[in-house]
Amino acid sequence: MARDVRGKMVEGAAVLLAKHGLQATSFSEVLKATGAPRGSIYHHFPDGKDQLVGSALDLVSGRMLRLLEQQAGKSAEEVTAHVLDMWRYVLERSNFGAGCAVLAVTVAADSKELLDQAAAVFRTWRERLAALYGAAGWPRERAERFAATVIASSEGAVVMSRAEQSIEPFDLVAADLLEQSRRA
């Protein structure tokens, strides 16, 4: 039961980060979103909000890595399409109301530890994506460059689509990334 409460709180924090950013992801908002009892805050997160946010980053990172693992052995185009499909799903399912929780922490955190953790998440995603491109036959340097391009471009496209409340910016970036992955 205690683990379920903690898990619900971490999940709730991840959703709030993706939808409303770091400042709006307060303990009271997490409790409101999850229905967790007030006493569970410091029981599960004795080091405060940064511990909760760090746990949410771990959750989000793990999910992305599991999605990437599903692409082992696929072509570069299939890998790229999978990443883009995941972000398209987030945008459409949330009606352009959610983005990347890791990006939300990156742009708003004052904590060096949270910034370091966000950097580690992005680095891990880049490395795993580069490994998938390498396994698809790309030279290491090209795979590393394109992995960074896919992550940076898709993150930016998500932000633009949220701002414009339209899938058009995302589709433009996605089409270019897919074309690049096809050509390489």
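Everything below is about the structure printed above this text.
Residues numbered from 1 in each chain as written. Predicted model: local features only at pLDDT ≥ 70, side-chain atom pairs only at ≥ 80, totals over all residues. Heavy atoms only, no water.

*Asks:* Just to check I follow, could you spell out the nonpolar core for this structure?
*Replies:* One recurring pattern in soluble globular proteins: nonpolar side chains tend to sit buried together. Val102, Trp125, Leu129, Tyr133 and Phe170 are the most contacted members of the largest nonpolar core, which has 58 residues in total. Those elements that place two or more of their residues in this core are helix H1 (2-20), helix H2 (27-34), helix H4 (49-69), helix H5 (76-93), helix H6 (101-108), helix H7 (112-135), helix H8 (140-164) and helix H9 (168-183). The greatest single-element share of this core, amounting to nine residues, is contributed by H7. When near neighbours in sequence (up to four residues on either side) are disregarded, phenylalanine 170 contacts Leu84, Trp87, Arg88, Leu91, Ser154, Ala157, Val158 and Ser161. (Core = buried A, V, L, I, M, F, W, Y, C linked by side-chain atoms within 4.5 Å. Buried < 20%, exposed > 50% of the residue type's maximum accessible area, 1.4 Å probe, protein only. Helix = DSSP H or I, 4+ residues; strand = E, 2+ residues; numbered from the N terminus. Contact = heavy atoms within 4.5 Å.)

*Asks:* Whenever I open this one, unusual backbone geometry confuses me. Can you help?
*Replies:* With the exception of glycine, the majority of residues adopt a negative phi angle, and the majority of peptide bonds are in the trans configuration. Unlike most non-glycine residues, asparagine 95 shows phi in positive territory, near 55°. Among the residues examined, asparagine 95 registers a relative accessible area of 56% and is labelled exposed. Positive phi, close to 55°, is recorded for glutamine 165, a residue that is not glycine. Its location among the elements puts glutamine 165 in the loop between H8 and H9.

*Asks:* What is the right way to read the packing of aromatic side chains from this model?
*Replies:* What characterises a pair of aromatic rings is the spacing of the ring centres plus the angle enclosed by the ring planes. Taken as a whole, this structure holds five aromatic pairs when the rule is applied. Residues phenylalanine 27 and tyrosine 42 carry aromatic rings whose centres are separated by 5.5 Å and whose planes lie at 70° to one another, so their mutual orientation is edge-to-face. Of the two residues, phenylalanine 27 is situated in helix H2 and tyrosine 42 in helix H3 (residues 40-44); the sequence distance between them amounts to 15 residues. Tyrosine 42 sits in the exposed class, given a relative accessible area of 53%. Through pairs of rings, three or more aromatic residues link up here, namely Tyr133, Trp138 and Phe146. (Phe/Tyr/Trp six-rings, centres within 6.5 Å; stacked < 30°, edge-to-face > 60°.)

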